[in-house]
Protein chains: 2
Amino acid sequence: MSLRLGILGATGLVGRTMLALLDERDFPVDELRLLASGRSEERTLRFRGSEVAVLPVSAEAFAGLDGVLSAVSNPLAEEWVPVARAAGAVVVDNSSAFRYVAAVPLVIPEVNGALLAERPGLIANPNCSTIGIVMALAPLARAARLLQLVVSTYQSVSGAGSEALEELERGVRAGLERDPPARADGTPPFAFNVIPRIDRFEANGYTREEMKVVWETRKILGLPALPVVCSAVRVPVRIGHGAAVHAVFDRPIPPSEARALWAAFPGMEVVDDPARGLFPTPLASAGRDEVLVGRARPDLDDARGLEFFVCSDNLRKGAALNAVQIVERRFGVEPPAPRKARPA
Amino acid sequence: MSLRLGILGATGLVGRTMLALLDERDFPVDELRLLASGRSEERTLRFRGSEVAVLPVSAEAFAGLDGVLSAVSNPLAEEWVPVARAAGAVVVDNSSAFRYVAAVPLVIPEVNGALLAERPGLIANPNCSTIGIVMALAPLARAARLLQLVVSTYQSVSGAGSEALEELERGVRAGLERDPPARADGTPPFAFNVIPRIDRFEANGYTREEMKVVWETRKILGLPALPVVCSAVRVPVRIGHGAAVHAVFDRPIPPSEARALWAAFPGMEVVDDPARGLFPTPLASAGRDEVLVGRARPDLDDARGLEFFVCSDNLRKGAALNAVQIVERRFGVEPPAPRKARPA
């Protein structure tokens, strides 16, 4: 089994991480085609010791591909994903353009990977914050009925792309001696600040990012009526999204049971030992494949409530890794053994 | 009316802010005595154009003072607040040592300042995060019955004191080119990271900081049985605490009503206009006296739920300003007209 694979949006933060993961995971690639929109200035990217040309995306560029990992913005995904599909490629799309189409499965392999057995041609990759939160919820929601969620996120700047990350770096340097300046678009700086607005505002007062967490949590967990409220907040972190989760179930889940459920769930790592001062942080999750979870504690007023904090690398499990895992499972490629150590 | 005032802990971040505020507010000071523990290296601090000596704290140092603003740690407060009281001074204490004593009023002047009419000798100044959150809740809790709270904080590093702030600065500089190193005590760095642990762990799995928000919100609002859960999280911001608040009332409070209630409440400023991209940030709150509130939106699944985001300067309203306002009201000193602009 060896695949002809394309990466659409190969030069972005998520595209580059997809490329790195295919290498790390010894993914059996027969041909790798790197595609980017005309905007990209990159001409080649390194893969397994050779320079691979970055081609401008076109209808012809998808010919003969078995699968396409798409990591472009919604407008580009809306334009090119149907073209890739028409060319016969299975597409895993990281944009939100198709996530809310009922017929398109929205997949976290560890949670609802069974949907891939139906061999869908288009699979949507969920929102970066949602993946970490739902990974932590899934084993609990199998053990008890999930009734309600209140989520506050602590999202890193890489989630907004490479230009935003460069703005964070510039802002931090400019902010070493005085207040950091506003961003290029006039909005408040990322550096030394917290931005309680991610993506555009919807008419209901929520941001699009907050609604993504609501809609996608419901769809992936198969709980279409689950009450969910989210506050999505950007913090001056490079890589690694955190979330404080308040989850109410139909019975108490003691922290010890929650930790055991998480520890038994693939892709999760429990970092939760108050006596030793251990808790998850975004920085510790950066470069890791596992979702880190900890700070498990009961709601003191309602024993059915459980509080916890979850962190994950938004470029890896929050985006590129989850997409590569979908391709592996969709095509029956054996995944590598879990890699517990942080890469050098 | 002119007072003989002492500042205990005058050389710390909160003590210095108290000093600055007495000047800014033209507080009528007959004598100002600056006291510090033996640890402090400062010899003098500038006040209204002259250098004022910093004296080592002692029983004699409180003699003749009308009031003492105390901004020292719990152990020092436990040692010296009773001494200051015995010397006849009214003490406003910013530590948490006396906050949970039933007989000690815990005061935010705009919320429960009426307690000062009884002329208490010891008044506790609330926790820095709690003040901003309760300022935003108070006008709503007068208009409807508050039933439940879920709070996630985004707390700046200055809340941990000047040494922590220096560690943030060093960490940011060291982290410009690579991952920031661990803190001096081996715990994860503040820089480019998020720390879901503030203060020590309690036996129930919560941190002391989280329990402060629970206990103090109940005490100040006079709702001893209010269900409150809190996740207290440190973010790499210098000054300005944020909080994402999920509040459930006994009736729907539409965002328009919430904004009107906040706008009419002293010390609050509404920054909430999605159409113009306006929302509060910690950076915008730094140096401001007002608590900034915005992102008001209804819980989409339970109309009695209201979400919002609140930011305030943790050294000013979160600590020193609130303490100075308590002294003003306790002694009948006329406060200055609200200062809406940011100081130069």
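Note that the structure is predicted; figures quoted are calculated from it, not measured. (Residues numbered from 1 in each chain as written. Chains lettered and ligands numbered in written order. Predicted model: local features only at pLDDT ≥ 70, side-chain atom pairs only at ≥ 80, totals over all residues.)

Moving on: the overall build of chain A. Across its full length, chain A holds nine helices and 13 strands. Scaling as 2.2 N^0.38, a compact globule of 344 residues should have a C-alpha radius of gyration of about 20 Å, and chain A matches this with 20 Å. When the 344 residues of chain A are sorted by exposure, 56% land in the buried category. The contacts of chain A with a sequence gap of at least 6 include a subset with a gap of at least 24, amounting to 68%. (Helix = DSSP H or I, 4+ residues; strand = E, 2+ residues; numbered from the N terminus. Rg over C-alpha atoms; globule rule 2.2 N^0.38 Å. Buried ≥ 20, exposed ≤ 12 C-beta atoms within 10 Å, placed from the backbone. Contact = placed C-beta atoms within 7 Å.)

Taken together, the contact pairs 49 residues of chain B with 49 residues of chain A. Split into classes, the residues belonging to the side of chain B that touches chain A amount to 28 nonpolar, 11 polar and 10 charged. (Nonpolar A, V, L, I, M, F, W, Y, C, P; charged D, E, K, R; others polar.)

Our next topic: the relation of the copies chain B and chain A. When chain B is fitted to chain A, the best match, at an RMSD of 0.0 Å, comes from turning it 180° and sliding it 0.0 Å along the axis. The superposition of one copy onto the other is thereby described by a two-fold rotation axis. (Least-squares fit on C-alpha atoms with pLDDT ≥ 70 in both.)

Residues and elements named next belong to chain B. Taking 1.5 Å as the rise per residue, helix α2 (residues 74-86) with 13 residues should run 18 Å; its terminal C-alpha atoms sit 18 Å apart, in good agreement. The largest bend in α2 comes to about 30°, at W80, with the proline P82 one to four residues further on. Contacts made by the buried residues of α2 are with β1 (3-8), β5 (67-70), β6 (90-93) and β7 (122-124). Two residues or fewer past α2, G88 is found with a positive phi of approximately 100°. (Expected span 1.5 Å × (residues − 1). Bend = angle between axes of the 7 residues up to and from the residue.)

Residue and element names in this part refer to chain B. In terms of residue burial, strand β8 (residues 146-154) counts as a mostly covered element, since seven of its nine residues are buried. In this sheet, strand β10 (residues 241-249) lies alongside β8 in antiparallel orientation, the contact comprising eight bridges. Bridge pairing links V151 to V245 in β10. Bridge analysis of β8 against strand β9 (residues 228-231) gives four bridges, and the strand direction is parallel. Looking at the pairing, S152 lines up with S231 of β9. (Pairing = 2+ DSSP bridges.)

Residue and element names in this part refer to chain B. A positive phi angle, near 65°, is found at D199, a position not held by glycine. With respect to the secondary-structure elements, D199 resides in the loop between α5 (162-174) and α6 (208-221). We note that R295 has phi near 55°; this positive angle belongs to a residue other than glycine. Assignment of secondary structure puts R295 in strand β12 (residues 291-298). Residue classification places R295 among the buried residues on the basis of 26 C-beta atoms within 10 Å.

What follows is about helix α5 (residues 162-174) of chain A. Taking 1.5 Å per residue, 13 residues should reach 18 Å; α5(A) reaches 18 Å between its end C-alpha atoms and fits that length. Every buried residue of α5(A) is listed here: E167(A), L168(A), G171(A) and V172(A). End-on, the buried residues of α5(A) take up no more than an arc of 130°, which puts them together on one face. Set apart from the buried face of α5(A) by more than 90 degrees, the exposed residues are E163(A) and E166(A). On its buried face, α5(A) is in contact with α5 of chain B. (Arc of directions from axis to C-beta.)

Many structure descriptions define interface size as the accessible area lost when the parts assemble. Residues and elements named next belong to chain A. Domain annotation for chain A reports domain 1 (3-126 + 318-331) and domain 2 (129-313). For domain 1 and domain 2, the distance between their C-alpha centres works out to 25 Å. Counting only elements with at least two residues in the side of domain 1 that touches domain 2, the list comes to α3 (109-112) and α9 (316-331). For the side of domain 1 that touches domain 2, the class distribution of residues is seven nonpolar, five polar and two charged. (Domains from an automatic or database assignment.)

Further remarks concern the sheet that holds β1(B). Residues and elements named next belong to chain B. If you walk across this open sheet you meet the seven strands as β3-β4-β2-β1-β5-β6-β7, and the pairing is mixed. Edge positions in the sheet fall to β3 (44-47) and β7, since each has one partner strand and no second. Averaged over all neighbouring strand pairs, the angle between strand axes comes to 25°, with direction disregarded. Packed on one face of the sheet, α2 meets β1, β5, β6 and β7 and runs near 155° to β6. (Axes fitted to C-alpha atoms, helices over the stretch in contact; angles between N-to-C directions.)

The next thing to look at is the packing of helix α4 (residues 128-143) of chain B against α6(B). To characterise two packed helices, one gives the angle between the axes of the helices and the distance between these axes. All names here are of chain B. Between α4 and α6, the least distance of the axes is 10 Å, while the angle of their chain directions is 40°. In terms of orientation, α4 and α6 fall into the oblique class. The hand of the α4/α6 crossing is right-handed. Where α4 abuts α6, its residues S129, T130, I133, V134, L137, A138 and A141 lie against K212, V213, E216, T217, I220 and L221. Class assignment for the residues of the contact of α4 with α6 results in eight nonpolar, three polar and two charged. (Parallel < 35°, antiparallel > 145°, perpendicular 65-115°, else oblique. Left-handed = near helix turned anticlockwise from the far one by under 90°.)

Sheets are built from strands paired through backbone hydrogen bonds, the pairs being either parallel or antiparallel. All names here are of chain B. An order of β9-β8-β10-β13-β12-β11 is seen for the six strands of this open sheet, with the pairing classed as mixed. Taken across any chain shown, the strands that pair with only one partner, and hence form the sheet edges, are β9 and β11 (268-270). Neighbour-to-neighbour, the strand axes of this sheet turn through a mean angle of 25°, independent of strand direction. Alignment of β10 against strand β13 (residues 305-312), held across eight bridges, turns out to be antiparallel. What sits directly across from V248, in β13, is G305. Packing of helix α7 (residues 255-263) onto the sheet brings it into contact with β11, β12 and β13, and relative to β12 it is tilted by some 165°.

Turning our attention to the nonpolar core. Ranked by size, the top nonpolar core spans 223 residues in total, and within it A136(A) and A136(B) carry the most contacts. The residues contacting A136(A), other than those within four sequence positions of it, are V245(A), W262(A), M268(A), V291(A), V293(A), F308(A) and V310(A). (Core = buried A, V, L, I, M, F, W, Y, C linked by C-beta atoms within 7 Å.)

Take the environment of E110(B) next. All names here are of chain B. Within the fold, E110 resides in helix α3 (residues 109-112). Considering only alpha carbons, one finds E110 and P126, 16 residues apart in sequence, at a separation of 13 Å. Non-local contacts of E110, meaning those with residues more than four positions away in its chain, are made with M135, F265, P266 and G267.

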